[in-house]
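Here are the chains, one letter per residue:
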Protein chains: 2
Amino acid sequence: MQTAVETAKVWIDGEWRESDAEGVFEPVNPSTGEKLGREFPVSRWSDCDRALTAAVDAAYQLEQTPAERIAGFLETYATELEAHAEAIVVAAYEETALPVSPRLKDVELPRTTNQLRQAAAAARHGAWRRVTIDRERNIRSCHAPIGPVVVFGPNNFPFAFNGVSGGDFAAAIAAGNPVIAKAHPLHAFTSQLMAEAATRALKGSGLPAATVQMIYKVNHETGERLVSDERIGAVGFTGSKAAGLKLKHAADEAGKPIYLEMSSLNPVVFLPAGLKENAEKWARELADSCTAGSGQFCTRPNLAFLIAGDATERFLRELAAAFDGREPHPLLSSSTREQLHESIEALKSAGAAVVTGGRNLPGNGHRYASTLLRVAGKTFLSAPHELQREAFGNEVMAVVAADDQELLDALGRLEGNLTGCVYSAASGADDAAYARLAPLLRRRVGRLLNDKMPTGVAVSPAMNHGGPYPATGHPGFTAVGIPASIARFTVLHCYDNVREERLPAFVRDV
Amino acid sequence: MQTAVETAKVWIDGEWRESDAEGVFEPVNPSTGEKLGREFPVSRWSDCDRALTAAVDAAYQLEQTPAERIAGFLETYATELEAHAEAIVVAAYEETALPVSPRLKDVELPRTTNQLRQAAAAARHGAWRRVTIDRERNIRSCHAPIGPVVVFGPNNFPFAFNGVSGGDFAAAIAAGNPVIAKAHPLHAFTSQLMAEAATRALKGSGLPAATVQMIYKVNHETGERLVSDERIGAVGFTGSKAAGLKLKHAADEAGKPIYLEMSSLNPVVFLPAGLKENAEKWARELADSCTAGSGQFCTRPNLAFLIAGDATERFLRELAAAFDGREPHPLLSSSTREQLHESIEALKSAGAAVVTGGRNLPGNGHRYASTLLRVAGKTFLSAPHELQREAFGNEVMAVVAADDQELLDALGRLEGNLTGCVYSAASGADDAAYARLAPLLRRRVGRLLNDKMPTGVAVSPAMNHGGPYPATGHPGFTAVGIPASIARFTVLHCYDNVREERLPAFVRDV
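Predicted, not measured: the structure shown is a model, and the values here were computed from it.

(A) Fine view of helix H2 (residues 67-83) of chain B. Residue and element names in this part refer to chain B. Taking 1.5 Å per residue as the helical rise, H2 with its 17 residues ought to reach 24 Å, and the 24 Å between its terminal C-alpha atoms agrees with that figure. For H2, every residue scored as buried is listed here: Ile70, Ala71, Phe73, Leu74, Tyr77, Ala78, Glu80 and Leu81. Next to the buried residues of H2 lie helix H1 (45-63), helix H3 (85-96), helix H4 (100-125), helix H5 (167-174), helix H6 (188-202) and strand S11 (212-215).

In structure tokens, the structure reads:
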């Protein structure tokens with residue numbers, strides 16, 4: 001006999017309301033495969049429509065709101081999250097199986113509140129406006145809020161990229177835009193708890209009630225309608241390439257800016273002189289980067305480039321041993337595991353050989369054996385597109401080039417990535433090779449690293465969590481790093497001969 | 001008996017070469033309707049393909065080129081244009097019928113060389129890189145060239161927006177990108193002369209020979225293939241909405257940034273208290289703005305908003321009289337005139353009445369009577385989309401609202417524009433009305449003006465020649481104003497833990 005479960009409410013126009021739902025979904029615990037006993041609505045268009053109308057009003061009100069109030073809200077929200085950290089972390093652990101420590105409690109949540117506070121400081125400081133004043137001609141320009149922003153959060157970060165609390169959210173709010181968050185269904189209850197913290201923070205903040213709104217899930221058609229609605233300003237999306245490209249198409253056709261973070265293989269090149277001395281050490285570093293969080297990071301390396309030789313064989317043996325010797329964490333969902341397996345099968349069909357892994361692990365949790373694939377440089381060059389299919393999870397493919405030139409040719413066929421990295425000898429013995437390949441790699445990645453794994457994205461003003469298509473939708477913007485990430489949610493405004501008293505304070509002469 | 005005419009050559013990979021042409025076109029003098037006795041090629045894909053391959057190599061070389069050399073080239077080019085100003089101005093006059101003075105010789109050409117020199121200064125200064133250094137974490141970011149840029153110039157500016165000399169060209173080169181210019185067929189010979197000046201300036205500049213390349217015309221399919229080719233970095237386009245949207249679709253699907261300036265109605269609001277005193281003066285100002293260059297400016301007002309009353313009637317009488325009393329310049333081509341007439345017919349079908357004009361003028365030149373249309377606010381509200389069809393030329397439609405509220409409602413239905421302007425009483429008697437409507441207008445335009453016509457786009461660092469869709473493809477960027485316009489042709493690069501000696505000089509510690 002089942003207990004009747006109440007369907008969660010959506011947060012629209014300042015109220016937690018019953019959704020006009022076309023269905024419900026029930027989240028599952030990835031460690032056990034069992035339902036968590038909660039039910040969330042799949043919103044019909046009418047929920048979106050109501051949220052959009054409220055957001056337009058909120059956007060106008062926010063334009064008249066002092067930045068100090070926006071900053072105050074972001075800071076109060078961070079404090080509310082900390083005050084309810086325990087419940088939020090428990091919910092996220094149940095929904096994602098990501099480790100509580102080190103991760104949810106002591107890394108991701110502090111990172112999230114830190115982002116909110118950095119966004120508050122940026123809102124207060126106002127540098128994101130890039131004010132330019134031409135006094136002689138009385139022309140003034142500045143960046144301004146773009147209007148209601150719809151944020152689609154991903155499955156892999158329940159806090160730091162969540163539509164209602166993450167980097168896109170913080171950046172959009174800092175610029176004075178209302179946010180309509182589309183929570184990720186894989187951490188719906190976590191999102192609800194965070195949105196409740198935002199609800200408390202909004203009270204008494206002096207911001208419009210519809211500054212933040214949240215729904216849980218929509219079907220594809222409704223999602224595409226949402227991102228192309230004339231009432232929105234822009235969209236922030238983090239997720240799969242398949243879903244991202246559908247939304248991009250819809251937004252592009254409507255002329256709406258959409259910022260997407262979609263897929264990345266994060267190539268790491270291990271140069272031969274350094275590899276001789278460091279094969280085992282570097283293999284363990286790579287294994288750490290590939291298996292942390294079961295590789296469910298946008299910056300997890302999916303591609304390792306090496307030149308054939310003894311050191312490469314030692315490296316690959318050590319890497320396979322490290323994979324085999326570690327118990328992988330469960331993946332976020334059964335479909336995450338299915339997609340990982342499908343990708344690995346596709347890579348095998350395209351010519352990659354399995355060194356280790358390539359199979360589900362037994363038990364109730366959605367665990368998958370950490371997988372090392374191997375392919376010759378020549379094979380990679382014969383099917384570069386097929387062999388650059390992202391495998392989201394604990395997998396890496398070693399591309400073993402016959403020589404320097406084949407390595408260069410292979411790097412020249414790389415598609416756009418968030419990151420690219422080169423490990424090389426401290427002695428300088430790899431420097432000539434570095435000089436040849438760095439320009440190729442530089443052009444294909446947003447962040448170029450030396451001697452350091454790409455996982456771990458510091459929230460630094462100098463960070464670029466962006467890159468060429470199809471890693472993102474536009475190579476000029478970053479999703480992490482304040483204030484740069486705010487630029488995505490702004491428009492350029494110019495005032496030409498506008499009377500002094502009618503100018504916004506921040507473009508006046510004083 | 002005809003003299004054999006040699007088909008002009010295209011400029012690809014450092015050489016003026018015979019085009020692999022699929023056809024030719026022969027430019028016409030718009031003042032006489034007669035052919036100018038010159039012949040230009042319509043390039044097949046093979047011309048584009050060759051240019052793209054050369055551009056990729058040039059892009060890599062430019063990355064290693066000191067900014068000083070790029071600046072030197074831009075300045076030498078400006079000097080070359082001045083040295084050959086007479087021939088260039090004559091060619092442009094023959095091809096466009098735009099006045100020599102004031103316009104081609106003393107306004108547009110000086111503006112063009114000024115832009116090139118401002119771009120040179122920006123290249124030298126390097127502020128466009130927006131360098132951000134996080135020393136503690138050893139993370140550094142900067143903007144960098146995006147790669148080969150294809151520039152499609154418009155019909156209405158033979159110099160200042162020309163693909164081989166205009167604002168997009170200057171901005172793309174300043175950031176270190178090679179440019180493939182698609183000249184506009186309506187000033188093909190002018191473009192050839194300018195490209196020859198660029199050829200001379202490139203010699204001895206130390207820049208790669210394929211830094212600048214030029215073709216004259218391609219068919220739609222080839223154009224779409226060009227903007228979606230994986231070798232390009234970005235596209236700059238100025239032209240019609242129909243052509244722009246086709247290219248946008250192709251570039252979007254390929255994940256290529258495309259910056260478009262497509263269409264704008266540039267609404268001007270005349271508030272009632274001010275209008276009482278200034279009806280005749282403001283009408284003449286509007287007439288000047290609508291008829292200069294026969295209204296063939298992106299910022300020419302196509303929409304005037306007024307509230308019904310005696311002053312509005314006086315204003316419209318004066319405006320009609322000014323239109324009738326001036327001899328219009330020829331339009332740029334017979335198709336420009338046909339399209340203007342088609343737009344006016346479409347506006348009539350949607351409910352607008354002709355006050356004056358609405359017809360071709362006799363004679364060989366492509367002249368069209370300056371046209372004033374009139375529509376009630378209520379009618380505008382009943383067909384806001386149809387009544388916002390751009391009429392590119394010497395036309396304006398007065399939207400006469402019944403009252404304040406109808407005016408606000410009408411402004412609330414405006415689509416995206418480059419500019420929006422409000423004329424109001426100096427006394428402050430219109431200030432309450434201004435306060436209500438300015439937020440509506442602000443959101444729908446890139447540049448907000450007071451008491452000043454939008455035609456005339458100052459090349460100021462504070463300028464915004466951009467705006468919400470469909471005026472442009474992205475509301476965060478400007479096509480005029482250096483260094484801001486350079487941002488369009490850059491990507492964000494980050495260096496994370498990269499060894500000091502491998503960093504570009506501009507992100508090092510010193």
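(B) Representation of unusual backbone geometry within the structure. Cis geometry is adopted by the peptide bond preceding Pro102 of chain A, which originates at Ser101 of chain A and carries an omega value of -5°. By the element assignment, Pro102 of chain A lies in helix H4 (residues 100-125). Backbone torsion omega between Tyr469 of chain B and Pro470 of chain B reads 5°, so that peptide bond is classified as cis. With respect to the element layout, Pro470 of chain B can be found in the loop between strand S20 (445-450) and strand S21 (490-496). Phi is positive for Arg130 of chain B, close to 45°, though the residue is something other than glycine. Mapping Arg130 of chain B onto the fold places it in the loop between H4 and strand S7 (132-134). A positive phi is found at Asn497 of chain B, a non-glycine position, where the angle reads about 65°. Position of Asn497 of chain B among the secondary structure elements: in the segment after S21.

(C) Layout of the side chain of Thr490 of chain B. By the element assignment, Thr490 of chain B lies in strand S21. For Thr490 of chain B, a relative accessible area of 2% corresponds to the buried category. For Thr490 of chain B, the side chain forms a polar contact with the side chain of His143 of chain B, separated by 3.0 Å. Polar contacts involving the side chain of Thr490 of chain B include one to the main-chain carbonyl oxygen of Ala487 of chain B, which spans 3.0 Å. Discounting chain neighbours no more than four positions away, the residues touching Thr490 of chain B are Gly476 of chain A together with Trp128, His143, Ala144, Ile146 and Ala175 of chain B.

(D) Spatial organisation of the domain arrangement of chain A. All names here are of chain A. By the assigned domains, chain A splits into domain 1 (10-30 + 49-262 + 472-507) and domain 2 (268-450). For domain 1 versus domain 2, the separation of C-alpha centres amounts to 33 Å. Listed per partner, the contact involves 15 residues of domain 1 and 14 residues of domain 2. Across the interface of domain 1 and domain 2, roughly 1,200 Å² is buried in total on both sides, 62% from carbon and sulfur atoms. One can count zero salt bridges joining domain 1 with domain 2. Of the residues that constitute the side of domain 1 that touches domain 2, the class distribution is eight nonpolar, four polar and three charged.

(E) Summary view of the sheet that holds strand S19 (residues 417-423) of chain B. Across the sheet, ten strands lie side by side as S7(A)-S8(A)-S21(A)-S20(B)-S19(B)-S14(B)-S15(B)-S18(B)-S17(B)-S16(B); this open sheet has mixed pairing. Where the open sheet ends on each side, the last strands, each with one partner, are strand S7 (132-134) of chain A together with strand S16 (353-356) of chain B. The sheet shows a mean angle of 25° between the axes of neighbouring strands, direction not considered. Examined bridge by bridge, strand S8 (residues 139-145) of chain A and strand S21 (residues 490-496) of chain A share seven bridges and lie antiparallel to one another.

(F) Spatial organisation of the pattern of salt bridges. The tally for this structure, following the rule as stated, stands at 58 salt bridges over all chains. Residue Arg499 of chain A is joined to Asp451 of chain B by a salt bridge in which the shortest nitrogen-to-oxygen separation is 3.0 Å. Of the two residues, Arg499 of chain A is situated in the segment after S21 and Asp451 of chain B in the loop between S20 and S21; the pairing between them involves two chains. Assessed through its relative accessible area of 27%, Asp451 of chain B is described here as partly exposed. By sharing partners, the salt bridges in this structure join Asp49, Asp229 and Arg231 of chain A into a single network.

Calculation criteria
- Residues numbered from 1 in each chain as written.
- Chains lettered and ligands numbered in written order.
- Predicted model: local features only at pLDDT ≥ 70, side-chain atom pairs only at ≥ 80, totals over all residues.
- Heavy atoms only, no water.
- Helix = DSSP H or I, 4+ residues; strand = E, 2+ residues; numbered from the N terminus.
- Expected span 1.5 Å × (residues − 1).
- Buried < 20%, exposed > 50% of the residue type's maximum accessible area, 1.4 Å probe, protein only.
- Contact = heavy atoms within 4.5 Å.
- Polar contact = N/O pair within 3.5 Å; in protein donor to acceptor, adjacent residues only side chain to side chain.
- Domains from an automatic or database assignment.
- Buried area = accessible area lost by both parts, 1.4 Å probe.
- Salt bridge = Lys/Arg side-chain N within 4 Å of Asp/Glu carboxyl O.
- Nonpolar A, V, L, I, M, F, W, Y, C, P; charged D, E, K, R; others polar.
- Pairing = 2+ DSSP bridges.
- Axes fitted to C-alpha atoms, helices over the stretch in contact; angles between N-to-C directions.

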